[in-house]
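Descriptive structure summary
Given next are the chains, with one letter for each unit.
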Amino acid sequence: MSALSPPLTVYYGGTFDPIHNAHLAIAIGVRDALAAQVHLVPAADPPHRPVPGASAAQRAQMVALAIAGVPGLELDTIELRRAQRLQGQPSYTVDTLTELRQREGFSRPLAWLIGGDSLASLQQWHRWTELFELAHVIVVARPGNPLPQPLPPALRNCVRGGQWCTDAQQLRIHPQGCLYALPLPLQDGSASAVRQAVAAGLPVAGLVPAAVADYLEQQQLYRVHTG
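The structure contained in this document is the topic of the report that follows. Counting restarts for each chain: residues are numbered from 1 in the order of the written sequence. In view of the model being predicted, local features appear only for residues whose pLDDT reaches at least 70, and side-chain atom pairs are presented and counted only at 80 or more, with totals across whole chains, interfaces and linings using the full set of residues. Hydrogen atoms and water are omitted, and side-chain values are computed over all heavy atoms in the structure.

So, unusual backbone geometry
Note the following rule: Helical segments are the DSSP runs of H or I of at least four residues, strand segments are the runs of E of at least two, and each set is numbered from the N terminus. The buried label goes to any residue with under 20% of its type's maximum accessible area, the exposed label to any with over 50%, and the partly exposed label to all in between, with areas taken from a 1.4 Å probe on protein chains only.
Following Asp-17, the chain continues to Pro-18 via a peptide bond in cis, the omega torsion being 0 degrees. Looking at where Pro-18 falls in the secondary structure, it is placed in the loop between strand 1 (9-14) and helix 1 (21-34). The omega angle of the peptide bond from Gln-149 to Pro-150 is -5 degrees, so this bond is cis rather than trans. Positionally, Pro-150 belongs in the loop between strand 5 (136-140) and helix 7 (153-156). The backbone of Phe-16 shows a phi angle near 55 degrees, a positive value even though the residue is not glycine. A positive phi angle, close to 65 degrees, is found at Tyr-222, a residue other than glycine. Position of Tyr-222 among the secondary structure elements: in the segment after helix 10 (210-219). Among the residues examined, Tyr-222 registers a relative accessible area of 12% and is labelled buried.

Right under this line is the structure:
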């Protein structure tokens, strides 16, 4: 990276219900591959997913515990703060990026991180075409979900140059508009697997950071209560 290149900030949104080691591996991989600051953004009220099993405050606290002392990773509660102001309205990525632009300005390079499975449903997102007017979109491919080549016409019309960006430096030269595929060795793991393990009374060591495992125990999260 050139010393004159502006820093890239990548926003990694998710329910994080709970955050687990695979989430952490992705965030660190993006940080290292792109020399970027990575902000983890817990979703307040995901419009496309079931209601989380932990409260917004609990999910944010687990993210904070997971990344404590990890350079280049930061918790960003922008969606949770907006939800408090708007009293339960759905949380949309385009609204988060609009607010981030108001906070950070329009000249800084910003990127939103998604998985390949999310790219497949991107055209169902609220005001999805505006995402590329506000930020770059970085896609981390998941096994079994090949990325489209070439891009579908509707997506092609929104992306800078109409095609995948192949040079990461473009993510710093331009403040927004690129679609970039980042190959990372993905680690197995899912939030549902963690929740199922807890509900079954199984240990979650190796699935989540130790501090998160301790928090799950303290808060009695995801346990099956009977009687």
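There is more to say, and it comes next.
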